[in-house]
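Below, each chain spelled out in residue letters.
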Amino acid sequence: MLKQTYFIDKTEYIGKIESIANPVFLRPRRFGKSLFCSMLRYYYDLNEADRFSDLFGPTWIGKNPTGKQNSYLILSLDLSTIECSGEISGIERNFRRICNAALLELQKKYSEWMGSCPDIDLDDSVSTNLSILLHYLVSRSGPQLYVIIDEYDNFANHLITTHQYFLYQKLTAYDSFLKSFFKVLKSGRQSGAIANIFITGILPIKIDDLTSAYNIADFITLHPQLEGMLGFTEPDIRHLIDEVYQDYRFDPATKSAVLEVMKNQYDGYRFVNTTGGNRLYNSTMVMYFLREFCRFRTIPDNLIDMNLRTDLSWVERITGAHPENTEKIVSQLTSEELIQYDQGALVTQFNITDFFKPQFYPISFFYLGLLTKYDDFNLCLPNLSMKKIFVEYFNDIYRIDASTRYTGIMEDFIRNPNISSLFSGYWQEYIGQLPEAVFIKVNENFYRTTFYELCSRFLSKWFTFTIEHSYPSGRSDLEFIGKYNEKFAGRRWIIEFKYYSNTEFQKFYCKPDEFEIQKGDIEQISGCAMDLKKEYPEADLSLSIIYCFGNTGYKVYDVSLILQK
């Protein structure tokens, strides 16, 4: 707030969680957990009372304070910075270094209240130092301590996903330094020295292993009223874009195109509800896009932050012990984009014995942000960014070359945009590399998604893309949208994909190039075109239907020419 940066007001959630004792809130990386912890720290810190109006004045909580603002001493611990060495003694040493430094800083920061408290011994255990500090607070009847722990599971997750089970067992053993630390926190809550403890993390593994030491946690991740606490909602995005356009004096006529790109690439996350318009945007990805958009004053060619791609390494870490499982789940998500899940497992805090079981893969991927809720029975890939990343992973698994061999095909399309020629090149160069076993799993979605991913690699300078855009008459399969500042500005291509397996195609008794376009398919794509024209009356529109016949062949129809006859 003090830096006059863009701010999405999530402060109402401070009030919503204030009455919840010892909340634990999990979200994927880059959803704003650390920023929310910072907001809590400044709200409750008694040393920040003089700056409350500057920090929170115009916000929701500034206008509706809870009465407990600026009431506590703050102990804020970021456990993501703890390195995992090869021995438990090394992990404990790093833990002690980080946490004892925070306790020492707390003593200095609140010297008015901690003046005669025994000094923090940096070589002593964290649980010992914290216990001494909490006893001192109780004996002096001073302000309570508010504890904030960010990324509580970071270093433990590393041990699990690198299969260092022996170290993990030592970490969570009854007499481990970590359990001792949580026991002291629990004792501090019971004595009244600690007012509350707010914890964030990614995976609900370690909580189960720590239950005997910290059985006071309230797992609020799937609380319906807290779904929007982190991440951006649709109103958040529109408010943010309005401010950006005003500050940078962008042409208002381009706003709808920018909003469409952001929705396709970064929206789609559902953590609790599966109905209604409550999808969330990945906040860090949104800010990456806006940073590039403001810097270059146009929609960036690369819409995916490189950091998001590193998240996919979790797939190999989790399934890596059984490579056939990696291949199976990546292939399924590339073809189907859906995977069934156990609702009961989603709300259960599972332990290490469950983590590497195939039936738990979808649950792990959900908490990592790779998948999101589709309905009460299935999880799905949330947006185009994640679909693209999974196709890239699919290509790596099957050693499919998706690099320079396509350059000539793409150059030809830019000179003379023809969907039939473009798809012909894709079929010859990309589909031609697929092993025979893959065709057992392919379907309409597979062809559509892999075609999109390949085209987006080479054509993103001139086009943005959308998959399954909703219209009153139905959904379009794939659209190429000319960027408003490039040579294809105002042009749009709607492409419908239809798939027949080899067995289904044999019933037509024809060769692929003899296949006749189906009347119902013309009506379907024409309906989408009419709806699009109502939304974008000036659009120069082209329509294509692509029929794929197993691995036998394909047929592309330019429906625009057919309708003109």
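Just so it is clear, the structure is predicted and the values come from calculations on it, not from any experiment.

**Comments concerning helix H20 (residues 361-368)**
Then step 1. The buried fraction of H20 is high, at 8 of 8 residues.
Then step 2. Those residues of H20 lying buried are Tyr361, Pro362, Ile363, Ser364, Phe365, Phe366, Tyr367 and Leu368.
Then step 3. Count one or two residues on from H20 and you reach Gly369, which has phi positive near 85°.

**A closer look at the sheet that holds strand S5 (residues 218-219)**
Then step 1. Read from one edge to the other, the open sheet built from 5 strands follows the order S2-S3-S4-S1-S5, with strand pairing classed as parallel. The sheet terminates laterally at strand S2 (73-78) and S5, the two strands that pair on one side only.
Then step 2. Of the pairings in the sheet, the one linking S2 to strand S3 (residues 145-150) comprises 6 bridges and is parallel in character. The residue of S3 that forms the bridge with Leu75 is Val147.
Then step 3. Sitting on the sheet, helix H2 (residues 33-44) is in contact with S2, S3 and strand S4 (194-201), with an inclination near 170° to S3.
Then step 4. Sitting on the sheet, helix H7 (residues 126-140) is in contact with S2, S3 and S4, with an inclination near 150° to S3.

**Description of the pattern of salt bridges**
Then step 1. One pass over the structure, following the stated rule, counts 25 salt bridges.
Then step 2. Notably, a salt bridge pairs Arg51 with Glu48, separated by 2.8 Å at the nearest N-O pair.
Then step 3. Classification of Arg51 by relative accessible area gives partly exposed; the value is 31%.
Then step 4. Given a relative accessible area of 12%, Glu48 falls into the buried group.
Then step 5. When the shortest N-O distance is used, the salt bridge between Glu292 and Arg295 registers 3.2 Å. You can see Glu292 and its partner Arg295 sitting in helix H14 (residues 283-296), 3 residues apart, about one turn around the helix.

**Here we look at the sheet that holds strand S11 (residues 491-500)**
Then step 1. Read from one edge of the open sheet, 5 strands run S9-S10-S11-S12-S13, paired in mixed fashion. The sheet terminates laterally at strand S9 (463-471) and strand S13 (553-558), the two strands that pair on one side only. Neighbour-to-neighbour, the strand axes of the sheet open up by a mean angle of 25°, direction not taken into account.
Then step 2. The sheet strands contacting helix H13 (residues 255-266) are S9, strand S10 (474-482) and S11, and the helix crosses S9 at an angle near 80°.

**A word on the pairing of S9**
Look at any regular strand and the pattern is simple: side chains alternate between the two faces of the sheet.
Then step 1. The buried fraction of S9 is high, at 7 of 9 residues.
Then step 2. Of the pairings in the sheet, the one linking S9 to S10 comprises 8 bridges and is antiparallel in character. Residue pairing for S10: Thr464 is matched across the bridge by Ile481.
Then step 3. The antiparallel hairpin formed by S9 and S10 contains 2 residues in its connecting segment.

**Brief notes about unusual backbone geometry**
Then step 1. Its identity is not glycine, yet Arg30 carries a phi of approximately 65°, on the positive side.
Then step 2. Along the polypeptide, Arg30 turns up in the loop between strand S1 (23-26) and H2.
Then step 3. One non-glycine residue, Glu468, lies in positive phi territory at about 55°.

**Considerations on the side chain of Ser385**
Then step 1. Mapped onto the elements of the fold, Ser385 is located in helix H21 (residues 384-397).
Then step 2. The class of Ser385 is buried, set by a relative accessible area of 1%.
Then step 3. Separated by 2.8 Å, the side chains of Ser385 and Gln265 make a polar contact.
Then step 4. Setting aside residues no more than four positions away along its own chain, Ser385 makes contact with Gln265, Tyr266, Leu303, Ile304 and Leu308.

**Focus on the packing of aromatic side chains**
Then step 1. With the rule as written, the count across this model stands at 59 aromatic pairs.
Then step 2. Where Phe505 meets Phe515, the ring centres are 6.4 Å apart and the plane angle is 45°; that geometry is what we call tilted. With a gap of 10 residues between them, Phe505 in helix H25 (residues 502-506) and Phe515 in the loop between H25 and helix H26 (519-535) connect regions that are remote in the sequence. Here Phe505 and Phe515 have matching classes, each one buried.

**Some remarks on the packing of helix H23 (residues 419-429) against helix H24 (residues 444-459)**
Then step 1. Between H23 and H24, the shortest axis-to-axis distance is 11 Å and the interhelical angle comes to 105°. On the basis of the axis angle, H23 is roughly perpendicular to H24. Contacts between H23 and H24 involve Leu422, Phe423, Tyr426 and Trp427 from the former and Tyr447, Thr450, Phe451, Leu454, Cys455 and Leu459 from the latter.
Then step 2. When its residues are assigned to classes, the contact of H23 with H24 shows 9 nonpolar, 1 polar and no charged.

**What to know about the confidence of the model for the chain**
Then step 1. On average, residues of the chain carry a pLDDT of 91, and 97% of them reach 70 or more.
Then step 2. Mean pLDDT across the secondary structure elements of the chain bottoms out at helix H11 (residues 206-209), with 64, and peaks at S3, with 98.

**Remarks on the pairing of S3**
Then step 1. For S3, the tally of buried residues reaches 6 of 6 residues, placing the bulk of the element in the interior.
Then step 2. The alternating pattern of S3 places Leu145, Val147 and Ile149 and Tyr146, Ile148 and Asp150 on opposite faces, both of which are buried.
Then step 3. Note that S3 and S4 share 5 bridges and pair parallel. Bridged to Tyr146 within S4 is Asn196.

**Observations concerning the nonpolar core**
Then step 1. Counting 179 residues, the largest nonpolar core has Leu459 and Phe480 as the members making the most contacts within it.
Then step 2. Apart from residues no more than four positions distant in its own chain, Leu459 is found in contact with Met410, Phe413, Ile414, Leu422, Phe465 and Phe480.
Then step 3. Counting 18 residues, the second largest nonpolar core, distinct from the first, contains Ile494, Tyr500, Phe505 and Leu532.

Scoring rules and cut-offs
- Residues numbered from 1 in each chain as written.
- Predicted model: local features only at pLDDT ≥ 70, side-chain atom pairs only at ≥ 80, totals over all residues.
- Heavy atoms only, no water.
- Buried < 20%, exposed > 50% of the residue type's maximum accessible area, 1.4 Å probe, protein only.
- Helix = DSSP H or I, 4+ residues; strand = E, 2+ residues; numbered from the N terminus.
- Pairing = 2+ DSSP bridges.
- Contact = heavy atoms within 4.5 Å.
- Axes fitted to C-alpha atoms, helices over the stretch in contact; angles between N-to-C directions.
- Salt bridge = Lys/Arg side-chain N within 4 Å of Asp/Glu carboxyl O.
- Polar contact = N/O pair within 3.5 Å; in protein donor to acceptor, adjacent residues only side chain to side chain.
- Phe/Tyr/Trp six-rings, centres within 6.5 Å; stacked < 30°, edge-to-face > 60°.
- Parallel < 35°, antiparallel > 145°, perpendicular 65-115°, else oblique.
- Nonpolar A, V, L, I, M, F, W, Y, C, P; charged D, E, K, R; others polar.
- pLDDT = per-residue confidence, 0-100.
- Core = buried A, V, L, I, M, F, W, Y, C linked by side-chain atoms within 4.5 Å.

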